[in-house]
Amino acid sequence: MRLAWLILRKDLTVEVRSGEIAYTTLFFAVACVLIFAFALVREGKPPEDGAAGILWIAVMLAGNLALGRAFERERQAETLRALLLAPAPRPAVYLGKLLGIVVLLAAAEVLLVPLVALLFQARLLAHPIWLTAILAAGTTGFAAVGTLFAAMLVRARSRDVLLPVLLYPITVPVIIAGVRGTAALLQPELEVDIVRFWLALLIAFDAVFVTLSLWTFEAVMTD
Amino acid sequence: MPALKRLVAAAMLAALCASVPALAAQNPPPKVEEYVPISQLPPEDQLPAAPLLIAAYSFVMIVFFLYVVSLSRRLTNVQRDVDRLGATLKQTSKS
Amino acid sequence: MPKWFFRAAIVCGVMFVASPFVIASADYESTMGLVQKIFYYHMPSAWMFLTSGIVCGVASVRFLMTGDPRHDRLAWAAAEMAVVFGVVTLVTGPLWARKSWGTFWIWDARTTSSLVQWMVAWAYLILRRYGGPGSEKLAAGLALFGTANTAFIYVSVNYWRTIHPPTSVVPKLPFTMGFPLWFCVASFALLFVLLLRMRVRLEEQRATLDSLYLSMDDAR
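Here the structure is a predicted model, which is why all the values come from computation and not from measurement.

1. Remarks on the overall build of chain C
Scanning chain C from terminus to terminus reveals seven helices and one strand. Its helices and strands taken in sequence order, chain C reads α-β-α-α-α-α-α-α from the N to the C terminus. Across the 220 residues in chain C, those meeting the buried criterion constitute 47%. Residue pairs in contact within chain C that sit at least 24 positions apart in sequence constitute 80% of those at least 6 positions apart.

If you want it as structure tokens, here you go:
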């Protein structure tokens with residue numbers, strides 16, 4: 001567990017110094033939202049209930065990019081192999097990388113939520129606690145699967161194009177639950193049961209897939 | 001392998017040719033709970049169903065036919081390479 | 001190829017040739033009429049699609065646990081089966097739906113889940129083809145995730161109303177419709193086994209070829 005924390009700190013330190021992944025990911029996320037705005041806003045009126053979908057699509061697209069480049073850096077510096085050679089428990093390596101990605105995506109979401117709320121006239125911040133819970137659960141699920149696939153793809157050919165090919169079909173429940181949960185928060189009358197259902201689904205997804213990722217990371221990285 | 005391929009290909013083609021006239025010769029006519037069988041279609045049920053039906057069956061036959069062809073072609077290629085390589089190895093081990 | 005293969009292939013071919021006649025002898029369904037006959041091909045191929053997914057998932061887990069390449073070969077073959085039978089299911093379904101539901105595609109739980117799982121199978125094949133060396137374990141991981149995801153996909157997509165006929169239809173089928181259905185199920189199941197065996201054979205031969213190349217390098 002301490003090792004995971006150390007890995008997280010290492011990634012954050014490198015990131016804070018160079019800012020490459022953070023700034024480019026954030027920019028991409030904002031650009032994404034802008035593209036949606038230009039595509040979907042007609043005569044100054046955004047589509048009804050579009051905000052939830054747009055928020056999540058931006059998060060997933062930006063996340064895909066961030067995942068690819070987070071591991072690209074590892075590949076170039078061969079740090080991943082070094083980490084795996086170290087007498088460290090594999091799960092810790094995975095968890096450290098996962099936490100790094102989650103922190104990065106959380107930073108993006110902090111920026112995106114007000115932006116989407118503003119541009120699409122959606123009252124996203126009406127129920128901040130529920131929103132935070134859904135975003136946290138969904139981002140963790142997405143990042144869990146993404147971190148595993150990105151780590152496994154590090155030595156593969158065509159890795160840039162393969163990551164979205166693998167990631168998006170598997171994270172379909174995340175986007176469905178995330179968007180539907182967020183959209184439920186945008187309704188004038190909050191129906192807590194619906195939000196709770198989607199949140200529960202996301203948490204179950206996280207539990208199952210973080211566990212599966214830990215096991216698979218172990219099985220795949222030993223060769 | 002070629003014998004098998006020809007056999008299966010012929011069977012598929014025969015199925016395709018046999019099914020089209022059999023289906024075309026058929027006399028033409030929101031949430032279902034169970035299927036209710038009847039022997040005669042009411043007169044208002046009409047032809048537009050037949051093209052869909054024929055398209056569906058043809059598609060199925062064509063997909064399986066093409067897949068079998070693709071698979072047997074890949075198999076013959078690899079088999080040929082295996083035989084060739086096996087022969088070369090035998091020669092080099094003899095010499 | 002083993003001896004049973006050729007005999008089984010003949011039986012399978014005969015069954016498929018016979019199937020349109022067997023189906024034609026079935027009664028019409030009263031509300032859906034002629035187009036419902038697509039059911040006799042759509043449903044068995046859907047079942048084989050499901051079976052392929054399960055075989056791929058189980059084989060992948062065993063490969064991850066043991067590293068035995070035989071499981072990997074079976075998993076790859078099963079994934080290809082899933083794509084083929086999936087395509088058949090996903091095309092015959094909308095053709096049927098166009099007439100009976102009025103539209104080609106409806107975002108209900110079963111159709112959408114099938115589409116998503118079919119894409120996972122397709123992604124598996126893309127990965128095997130373009131992933132380069134070492135993609136076997138990665139693909140096994142993908143298959144494992146795809147299988148584990150089934151329940152989640154189904155539940156999450158179930159938010160939308162489903163207008164699929166409930167599966168309870170099958171046991172209640174009268175004999176004139178039940179017999180053609182089970183006949184077609186047998187045909188498709190036999191076809192599935194034959195194609196799977198053939199596809200696994202392809203992988204076995206590829207592995208033989210690889211080892212031959214290696215022996216050649218050693219012999220030099």
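This is not the end of the story, as more comes after the structure.
2. Focus: the interface of chain C and chain A
Counting from both sides, the interface comprises 27 residues of chain C and, opposite them, 25 residues of chain A. When contributions to the side of chain C that touches chain A are tallied by element, the ones reaching two or more residues are helix H4 (109-130), helix H5 (135-148) and helix H6 (150-157) of chain C. It is H5(C) that contributes the most residues to the side of chain C that touches chain A, nine residues altogether.

3. Side note on helix H6 (residues 128-153) of chain A
Each α-helix turn comprises 3.6 residues. Residues three or four places apart therefore point the same way. The first and last C-alpha atoms of H6(A) sit 36 Å apart over 26 residues, in line with the 38 Å expected at 1.5 Å per residue. Burial analysis of H6(A) places 20 of its 26 residues in the buried class, the great majority of the element.

4. Concerning the environment of Ala137(A)
Residues and elements named next belong to chain A. Mapping Ala137 onto the fold places it in helix H6. Using a count of 23 C-beta atoms within 10 Å as the deciding quantity, one classes Ala137 as buried. Linking Ala137 and Ser213, residues 76 residues apart in sequence, is a C-alpha distance of 16 Å. Discounting residues that sit within four places of it in the chain, Ala137 has contacts with Leu199, Leu202, Ile203 and Asp206.

5. A word on unusual backbone geometry
All names here are of chain A. A positive phi angle, close to 50°, is found at Gln121, a residue other than glycine. Tracing the chain through its elements places Gln121 in the loop between helix H5 (90-119) and H6. Judged by the 13 C-beta atoms lying within 10 Å of it, Gln121 falls in the partly exposed class.

6. Brief notes about H4(C)
Over its 22 residues, H4(C) runs 31 Å from end to end, which matches the ideal 32 Å to within 8%, given 1.5 Å per residue. As for H4(C), its buried residues are in contact with helix H7 (159-170) and helix H8 (172-186) of chain A together with helix H2 (39-66), helix H3 (69-100), H5 and H6 of chain C. Backbone geometry just downstream of H4(C) places Gly132(C) in the positive-phi region, at approximately 80°.

7. Some thoughts on the nonpolar core
Looking at soluble globular proteins, one finds that nonpolar side chains tend to be buried together. Counting 147 residues, the largest nonpolar core has Leu55(A), Val116(A), Leu166(A), Ala75(C) and Ala78(C) as the members making the most contacts within it. Here Leu166(A) is in contact with Phe149(A), Ala123(C), Leu127(C) and Leu142(C), once residues within four sequence places are set aside.

8. Overview of the confidence of the model for chain B
Residue and element names in this part refer to chain B. Of all residues in chain B, 48% have pLDDT values of 70 or greater, and the mean over the chain is 68. The lowest-confidence element of chain B is helix H1 (residues 2-24), averaging 50 in pLDDT; the highest-confidence one is helix H2 (residues 49-94), averaging 88. Per-residue pLDDT stays below 50 along residues 18-33; that stretch engages in 30 contacts with residues further than four places along the chain or on separate chains.

9. A look at the environment of Gly50(A)
One can find Gly50(A) in helix H3 (residues 50-77). Taking C-alpha positions, Gly50(A) is 7.6 Å from Phe120(A), a pair spaced 70 residues apart along the chain.

10. Points about the environment of Met216(C)
Relative to the helices and strands, Met216(C) resides in helix H7 (residues 175-219). Along the backbone, Met216(C) and Phe5(C) are 211 residues apart, and their C-alpha atoms lie at a distance of 32 Å. Ignoring anything within four residues of it in the chain, the contact list for Met216(C) reads Leu85(B) and Leu89(B).

11. Here's the deal with the packing of H3(C) against H5(C)
Residue and element names in this part refer to chain C. Across the interface, H3 lies against H5 with an axial gap of 11 Å and an inter-helix angle of 55°. The pairing of H3 with H5 is recorded here as oblique in orientation. Viewed along their axes, H3 and H5 form a crossing whose handedness is left-handed. From H3, Asp72, Ala75 and Ala79 reach across to H5, where they touch Glu136, Ala140 and Ala143.

About the criteria used
- Residues numbered from 1 in each chain as written.
- Chains lettered and ligands numbered in written order.
- Predicted model: local features only at pLDDT ≥ 70, side-chain atom pairs only at ≥ 80, totals over all residues.
- Helix = DSSP H or I, 4+ residues; strand = E, 2+ residues; numbered from the N terminus.
- Buried ≥ 20, exposed ≤ 12 C-beta atoms within 10 Å, placed from the backbone.
- Contact = placed C-beta atoms within 7 Å.
- Expected span 1.5 Å × (residues − 1).
- Core = buried A, V, L, I, M, F, W, Y, C linked by C-beta atoms within 7 Å.
- pLDDT = per-residue confidence, 0-100.
- Axes fitted to C-alpha atoms, helices over the stretch in contact; angles between N-to-C directions.
- Parallel < 35°, antiparallel > 145°, perpendicular 65-115°, else oblique.
- Left-handed = near helix turned anticlockwise from the far one by under 90°.

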